[in-house]
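Tertiary structure, described
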Amino acid sequence: MVAAVASLWALPALAQRQVEITLTAAPTRMALIPGATTEIFTYNGQFPGPTLELREGDRVTVHFRNELPEPTTVHWHGLHLPFKADGSPFHPVGPGETYDYVFTIRPGTAGTYWYHPHPHHRTGYQIAKGLYGAIVVRAADDPLKSIPEQVIVISDNRFTADGAIDLPASLSPQGTIDQENGREGDVIFVNGKVMPTLTIRAGEVQRWRVINASAARVYRLSLPGHKLLHVGNDGGLFERPVELDEIVVANAERVELLVRGTGAPGSTTALQSLPYDRYIPQTRPPTWNAPRDLLTLQYSPEPAVASVRIPTKLRTIPVLDTAQSTATRVMVLTQGMINGRMMDAARVDVSAPLDATEIWEVENLVGMDHPFHLHGFQFQVLDRNGVREPFRSWKDVVNVPKHGSARFIVRYASYSGKWMFHCHILDHEDHGMMGILEVKPSQLTKRN
Amino acid sequence: MGSSRIAGRFAGLLIVLSGVAVVELSDGRWTTDEASASEMLDPSVMRGRALTMHHGCGDCHGGMHPAGAGWLAGWRDSTQTFIMGPFKTYPRNLTPDNMTGMGRFTERQIFNALRYGLRPGETPDVEITSNTPGQGNFPANPKYLAPPMPWPAFRHMPDQELRDIAAYLKRGLKPVSNRVMDSEGPPDFWRSAYTVDKIGPYPAAAYPTAQEVAGH
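Residues numbered from 1 in each chain as written. Chains lettered and ligands numbered in written order. Predicted model: local features only at pLDDT ≥ 70, side-chain atom pairs only at ≥ 80, totals over all residues. Heavy atoms only, no water.

**Observations concerning the overall build of chain A**
- Scanning chain A from terminus to terminus reveals four helices and 30 strands.
- Against the compact-globule benchmark of 22 Å for 448 residues, chain A has a radius of gyration of 21 Å, which places it among compact chains.
- Overall, the C-alpha framework of chain A stretches about 65 × 55 × 45 Å when taken along its three principal axes.
- A total of 448 residues make up chain A; the buried ones form 59% of that total.
- Residue pairs in contact within chain A that sit at least 24 positions apart in sequence constitute 77% of those at least 6 positions apart. (Helix = DSSP H or I, 4+ residues; strand = E, 2+ residues; numbered from the N terminus. Rg over C-alpha atoms; globule rule 2.2 N^0.38 Å. Buried < 20%, exposed > 50% of the residue type's maximum accessible area, 1.4 Å probe, protein only. Contact = heavy atoms within 4.5 Å.)

**Quick word on the sheet that holds strand β22 (residues 350-353) of chain A**
All names here are of chain A.
- Here we have five strands laid out as an open sheet, ordered β22-β30-β29-β24-β27, and mixed in their pairing. Strands at the two margins of the open sheet, each flanked by one partner only, are β22 and β27 (397-400). When strand polarity is set aside, the average angle formed by the axes of neighbouring strands in this sheet is 20°.
- Both strand β24 (residues 370-374) and strand β29 (residues 417-423) contribute to a ladder of three bridges, which runs antiparallel. Paired with His-373 across the strands is His-422, a residue of β29. (Pairing = 2+ DSSP bridges. Axes fitted to C-alpha atoms, helices over the stretch in contact; angles between N-to-C directions.)

**Structural notes on the nonpolar core**
All names here are of chain A.
- Of all hydrophobic cores here, the largest spans 33 residues; its most connected members are Trp-360, Phe-372, Phe-408, Tyr-412, Phe-421 and Leu-437.
- Look past the residues within four positions of Phe-408 in its chain and what remains in contact with it is Glu-358, Ile-359, Trp-360, Val-362, Phe-372, Leu-374, Phe-379, Gln-380, Val-381, Leu-382 and Val-398.
- The next biggest cluster of nonpolar side chains, apart from the first, holds 29 residues, and it includes Ile-21, Val-62, Phe-64 and Leu-68. (Core = buried A, V, L, I, M, F, W, Y, C linked by side-chain atoms within 4.5 Å.)

**Details of the confidence of the model for chain A**
- Scored by pLDDT, chain A has a mean of 94; 95% of the residues are at 70 or more.
- The model gives residues 1-13 of chain A a pLDDT under 50, and that stretch makes 16 contacts with residues more than four places away or in other chains. (pLDDT = per-residue confidence, 0-100.)

And the structure:
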């Protein structure tokens with residue numbers, strides 16, 4: 001058993017690259033909306049931050065420098081890495097300080113991830129100011145590697161009349177609604193642009209890696225006239241593609257979609273977000289049920305090309321067996337709290353030995369959705385509202401529906417340390433809707 | 001308290017087997033009897049039952065009386081819907097079901113709902129020592145129960161009676177799974193409807209007020 005586990009996570013000796021990345025967070029001014037410039041925060045002067053392209057097996061060192069006027073961290077959302085490299089609130093980087101994030105990209109983790117700040121109480125603010133970027137991890141044996149890709153980072157923001165990012169005082173009328181719903185903005189950005197145009201050729205298949213980087217807005221994606229082939233989630237490809245008309249992407253979730261160019265040459269369509277009622281009735285925005293256009297999909301005038309064949313089998317995802325589970329953790333979500341408590345860095349909420357497999361049962365007593373994120377370890381959702389998950393996938397966020405529940409199974413592999421779990425509506429997280437899982441190194445447990 | 005009274009009266013030994021009281025009488029005979037089993041019930045729960053009956057909790061929350069179908073199990077049909085201006089509100093399931101009722105809330109959270117009008121799912125489980133938002137654990141941004149819940153009246157009941165109601169809801173009812181829609185309301189969760197101006201102070205103003213005479 002130990003040997004099998006070890007080989008699953010073993011690093012191929014030959015394929016390793018040493019990757020050095022320099023990343024600097026700093027304030028800057030940029031034109032984001034017409035007629036104004038806005039003071040924002042950027043990574044390496046870019047909004048969103050540069051997309052990091054990594055391969056399984058890479059040994060990564062990120063030399064991070066904080067030129068912001070306040071402490072920050074860089075959290076590598078969804079990556080399986082050492083505690084010290086997680087960029088959680090336990091390792092703040094002060095203004096003017098530097099920090100090296102050192103980690104290895106584990107085999108089997110190819111997928112779409114993202115990075116963003118995670119300082120306690122200030123995550124929502126710093127992400128609202130513009131700090132986030134995409135991570136693409138590739139596998140050498142990616143079955144879709146011949147298909148052209150688009151990274152689509154969706155976010156939203158709100159601006160004052162003079163172009164500044166609108167961050168109302170917490171007890172103002174809008175501030176209280178933001179605390180309740182999470183802060184939503186009326187301007188939706190795709191890769192830092194409002195309604196950008198993507199081009200596709202008739203017949204062509206594209207792989208879209210979609211990241212919801214919004215603090216609170218949930219996207220129900222639909223491309224009118226097109227089916228979407230859902231091929232992957234937070235932690236990479238499924239075993240088999242699933243055909244859909246639309247898909248809900250909650251906060252911090254990622255989806256990989258194959259889009260087939262079934263439109264006519266020269267035609268256009270828009271990727272839309274359809275209404276999705278995640279809200280409590282008291283603070284549901286009046287515009288909640290208006291569909292929103294996110295980007296224009298422009299067909300080039302050339303005649304259609306023959307479509308590529310999509311493999312029916314994408315990969316094998318190991319089963320996390322519920323019979324191996326040694327504990328069930330019940331997490332009850334009430335508003336702004338988990339199990340009736342707010343985040344306390346000095347408290348450990350869940351303690352477990354390294355390598356343990358456990359089931360988490362997350363129950364949402366509130367009349368709004370809460371996307372629940374666990375750091376450090378990808379999990380497999382077992383069921384939502386008691387309905388069995390239709391297929392296996394790796395996740396690090398599960399959207400727990402209003403007055404509903406979700407169960408997932410997780411193995412605390414490889415890395416001990418303290419790992420956050422929290423609601424990924426950033427206003428809720430910053431308010432303290434967060435807890436700590438401590439994974440303790442154990443004597444190697446005796447197994448047959 | 002129940003068991004010490006029984007022990008005192010019978011000067012014997014009391015043990016409990018599967019909830020049935022087995023009592024050794026002073027003459028050495030063993031007996032089980034309904035009367036002693038009933039005396040072991042928590043008197044707080046029993047007082048809470050009486051309070052929910054004579055405060056009419058079932059009129060809105062269902063069942064009308066403890067033997068009635070859906071007793072305190074919350075909204076079942078549109079006859080229980082309240083129209084409060086532009087909003088609809090729905091009486092909640094008060095039974096101790098974990099997911100749809102009071103099961104995940106503590107008796108203290110229910111007490112805080114009855115005394116301060118604070119929604120239990122949205123208020124920390126702490127002792128509140130002030131009526132002023134932001135002070136003494138009273139939330140800075142309080143979220144109140146939807147009208148017509150008469151908590152501005154119920155809050156004047158003694159502490160113990162409110163605790164009794166909480167004890168009955170948590171320990172005296174069978175859990176019923178009945179998911180009730182969230183009540184609608186203004187974005188301030190009725191804060192502007194529940195100012196001291198409108199509902200008076202707690203504790204109440206000293207007697208007699210301008211509207212009252214000192215009765216003898």
